[in-house]
Amino acid sequence: MKLDETKIGVDNLSAILVIFGGTGDLTHRKLMPALYNLVLDKLLPEHFAIVSVGRREKTQEQYQKEVYDTIRKYSRNKLSETYWAGLKEMIYYYQFDFIDQEGYYGLKNFLEQLDQKVKSEGNRVFYMAVAPEYFETIVQGLQLSDMAKKSGAWSRLIIEKPFGKDLKTARKLNSKLLEVFDENSIYRIDHYLGKEMIQNIMVLRFCNSIFESIWNNKFIDNIQISLTEKLGVGTRGGYYEHSGAMRDMVQNHIIQILSLVAMEPPVNLKTDSIRTEKQKVIEAIEEITPEFLRDNVVFGQYGKGMIDGIPVPAYREEENVPSNSTTETFVAVKLHINNFRWAGTPFYIRTGKRLGTSSAEIVIQFKEMPNILYFKERDIQEPNLLVIRIQPNVGVFFQFNTKDFNTHHDIVPTKMDTSYFSPTQGNTPEAYERLIYDILRGDATLFSRWDEVEAAWMVADQMIKYREQKKHQFPNYDSGSMGPVRAFELLARDGRKWWNI
Ligand code: BG6
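Quick look at the structure, then.

## Re the overall build of the chain
- Check the secondary structure of the chain and you find 15 helices and 18 strands.
- Since a compact globule built from 501 residues should have a radius of gyration of about 23 Å, the 24 Å found for the chain is in line with a globular shape.
- Dimensions of the chain, computed from C-alpha atoms along their principal axes, come out at roughly 80 × 50 × 45 Å.
- With 501 residues in all, the chain has 58% of them scored as buried.
- For the chain, contacts bridging at least 24 residues in sequence account for 78% of all contacts bridging at least 6.
- Accessible area for the chain stands at about 22,100 Å²; split by element, carbon and sulfur atoms hold 53% of it.
- Positive and negative charge centroids in the chain, built from 63 and 66 side chains respectively, lie 1 Å apart.

Below, the structure written as structure tokens:
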């Protein structure tokens, strides 16, 4: 991770980070390892404390020991006792049940006392590392105890996905949050935006004349965004059953990537300038009509099969999943962005669990040359492809045609791959390091603004409703395959195919 250190010191960085859900999975697997690595990189403020709020009774020492164990397990850097000691002294465990509204007064007092000790000046980061049904309850508690606003200090709210379960609930949640926090103080996390290659999309596009000048419908045949996973739902069946791939991956990660790939150059690099351009892309997505849904959206659910030679159960056999579940574990969509840059160029997106590969890639397929000088029948001429490899390989791949020296063919595709294998690019603490660091500095560029989230829901909502109303022949793909047959037909009918680079 290379951080922009120029912004350090633009704000008063002293703060207390309050984590609701301090004993939960997210805190242990992602947040604490990320905080540890920030200590290692000396990127945490000097006056800083972490207060983990949890329901369970435990001593400070017990909690610290648990954190120690999880950092050892999940941190990208080996745990060093010296740096751990630095983090340990920042960690406090505060026990209370966050549904008890009275309890917030106690928390408030505790934080104010801690302010004196660590000189955190009343600044707060409230991190909602809890199940989404508690978001409003906690914000209500912060409101009642008047904890969110303190004159001369700042307060930020960090909220994980899912942000609502549809457009209506997202709007309701948002208006509750806005009663308590300003839009500028709400950081809606999409951990994909913390990934290196996602941040690199803008650099690639706007710092290379060879790319930006051809980044449009005149030169690009189609764009594919594929986020595929070998993993099944594992122990998250209870959550996933109400989420499905649309809410879990499309409404957030995929639409965010789409907007970065397709947006116009922002007028500058300020947070709002970038977010405004992203939001315009989402608004320009074509109208979701019944015909669109019928022809351009494919849902799937995995049946049993083999992943890396090991038999795995069907989705309907997973823990906490009903045996007649109609939740989708796969989605493929063909859509257009109806603006001057993109009219006519299709975007194909797909995501799914229990597929044959685990990778995240954006493939830009350029238009082919006319068949006048060299003929495909004789040569192995392939289209130019630019692939932005997000994970597990990170970097850029480019394919172009050259004269072949060794065989009787005249033309062969040359594959230039600058990417490197990075096993730690998954849903790992690394993205959270970047995100937590930005939250502390008050830089919201890598977080979603409300109008982006709202526009994304407008698109996703209709597809989700369509899936809920429609009868499905699920399961319709084997674990270990690349999804349902219809997902292949979606491209084949246009004379195209999914690229697995
Ligand atoms: C999360 C989803 O947001 O992203 C998970 O809830 C999914 O279901 C994960 O597995 C994928 O993230 P990554 O970073 O591993 O690609």
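From this point on, the discussion continues.
## Let's talk about the packing of aromatic side chains
- In this structure the tally under the stated criterion is 20 aromatic pairs.
- Taking 5.1 Å as the distance between ring centres and 65° as the angle between the ring planes, the aromatic pair formed by phenylalanine 98 and tyrosine 134 counts as edge-to-face. Of this pair, phenylalanine 98 sits in the loop between β3 (91–95) and α4 (103–118) while tyrosine 134 sits in the loop between β4 (124–128) and α5 (135–144), and the two are 36 residues apart along the sequence.
- Judged by its relative accessible area of 24%, tyrosine 134 is partly exposed.
- Between the NZ or CZ atom of arginine 55 and the centre of the ring of tyrosine 134, over which it lies, the distance is 5.7 Å.

## Structural notes on the site of the ligand
- Of all residues adjacent to the ligand, which total 13 residues, the nearest are Tyr192, Lys195, Glu229, Asp248 and Gln391.
- For the ligand, an oxygen atom lies 2.8 Å from a polar atom in the side chain of histidine 191.
- Contact distances for the ligand include 2.6 Å between an oxygen atom and a side-chain N or O atom of glutamate 229.
- In terms of residues, the shell around the ligand owes the most to one element, helix α10 (residues 244–262), which gives three residues.
- Split by residue class, the shell around the ligand holds two nonpolar, five polar and six charged.

## Considerations on the sheet that holds strand β9 (residues 302–307)
- If you trace the three strands from one edge of the open sheet to the other, you get β10-β9-β18, paired in mixed fashion. Because the sheet does not close on itself, it has two edges, and the strands there are β10 (310–312) and β18 (477–479). When the angles between neighbouring strand axes are averaged without regard to direction, this sheet yields 25°.
- Relative to β18, β9 runs parallel, the two sharing three bridges. For glycine 303, the partnering residue across the bridge sits in β18 and is aspartate 478.

## Points about the sheet that holds β4
- Strand order in the open sheet made by the six strands is β3-β2-β1-β4-β5-β6, with parallel pairing throughout. Sheet topology places β3 and β6 (186–188) at the edges, where each strand pairs with a single neighbour. Shown here is a sheet whose adjacent strand axes are inclined to one another by a mean of 20°, direction ignored.
- Where strand β2 (residues 48–54) lies against β3, five bridges are found, and the strand directions are parallel. Within the sheet, the bridge partner assigned to serine 52 lies in β3 and is tyrosine 93.
- Relative to the sheet, α5 contacts β1 (15–20), β4 and β5 (155–159), its axis offset from that of β4 by approximately 155°.

## Quick word on the environment of lysine 172
- The topology assignment puts lysine 172 in helix α6 (residues 167–180).
- Given the relative accessible area of 52%, lysine 172 is considered exposed.
- Taking the C-alpha atoms as reference points, lysine 172 and isoleucine 337, 165 residues apart in sequence, are found 28 Å from one another.

## What to know about the pattern of salt bridges
- Here the structure, examined in full by the defined rule, presents 34 salt bridges.
- Its salt-bridge partner being arginine 341, residue glutamate 264 comes within 2.8 Å of it at the nearest N-O pair. Placement of the pair is glutamate 264 in the loop between α10 and α11 (271–283) and arginine 341 in the loop between β11 (330–335) and β12 (347–352), with a sequence separation of 77 residues.
- When its relative accessible area of 12% is taken as the criterion, arginine 341 is described as buried.
- A salt bridge links arginine 467 to glutamate 328; its shortest N-O distance comes to 2.6 Å. One end of the pair, arginine 467, is in helix α14 (residues 450–469); the other, glutamate 328, is in the loop between β10 and β11, and 139 residues separate them in sequence. Like arginine 467, the residue glutamate 328 is buried in the burial classification.
- If you follow the salt bridges from partner to partner, you end up with Asp221, Lys334, Arg493, Asp494 and Arg496 in one network.

## What about the side chain of glutamine 279?
- Following the sequence through the fold, glutamine 279 ends up in helix α11.
- Under the relative-accessibility criterion, glutamine 279 is labelled buried at 10%.

## Re the pairing of β12
- The buried fraction of β12 amounts to six of the six residues, a majority that puts the element mostly inside the structure.
- Alignment of strand β7 (residues 220–228) against β12, held across six bridges, turns out to be parallel. When the bridges of β12 are listed, glutamine 224 appears paired with tyrosine 348.
- Alignment of β11 against β12, held across six bridges, turns out to be antiparallel. Note on β12: the bridge partner recorded for phenylalanine 330 is glycine 352.

Criteria and thresholds
- Residues numbered from 1 in each chain as written.
- Predicted model: local features only at pLDDT ≥ 70, side-chain atom pairs only at ≥ 80, totals over all residues.
- Heavy atoms only, no water.
- Helix = DSSP H or I, 4+ residues; strand = E, 2+ residues; numbered from the N terminus.
- Rg over C-alpha atoms; globule rule 2.2 N^0.38 Å.
- Buried < 20%, exposed > 50% of the residue type's maximum accessible area, 1.4 Å probe, protein only.
- Contact = heavy atoms within 4.5 Å.
- Areas by Shrake-Rupley, 256 points an atom, 1.4 Å probe, with all protein chains shown as cover.
- Lys, Arg positive; Asp, Glu negative; His and termini not counted.
- Charge placed at Lys NZ, Arg CZ, Asp CG, Glu CD.
- Phe/Tyr/Trp six-rings, centres within 6.5 Å; stacked < 30°, edge-to-face > 60°.
- Lys NZ or Arg CZ within 6 Å of the ring centre and 35° of its normal.
- Near = heavy atom within 4 Å.
- Polar contact = N/O pair within 3.5 Å; in protein donor to acceptor, adjacent residues only side chain to side chain.
- Nonpolar A, V, L, I, M, F, W, Y, C, P; charged D, E, K, R; others polar.
- Pairing = 2+ DSSP bridges.
- Axes fitted to C-alpha atoms, helices over the stretch in contact; angles between N-to-C directions.
- Salt bridge = Lys/Arg side-chain N within 4 Å of Asp/Glu carboxyl O.

Scope: geometric values only; no functional claims are made or implied.
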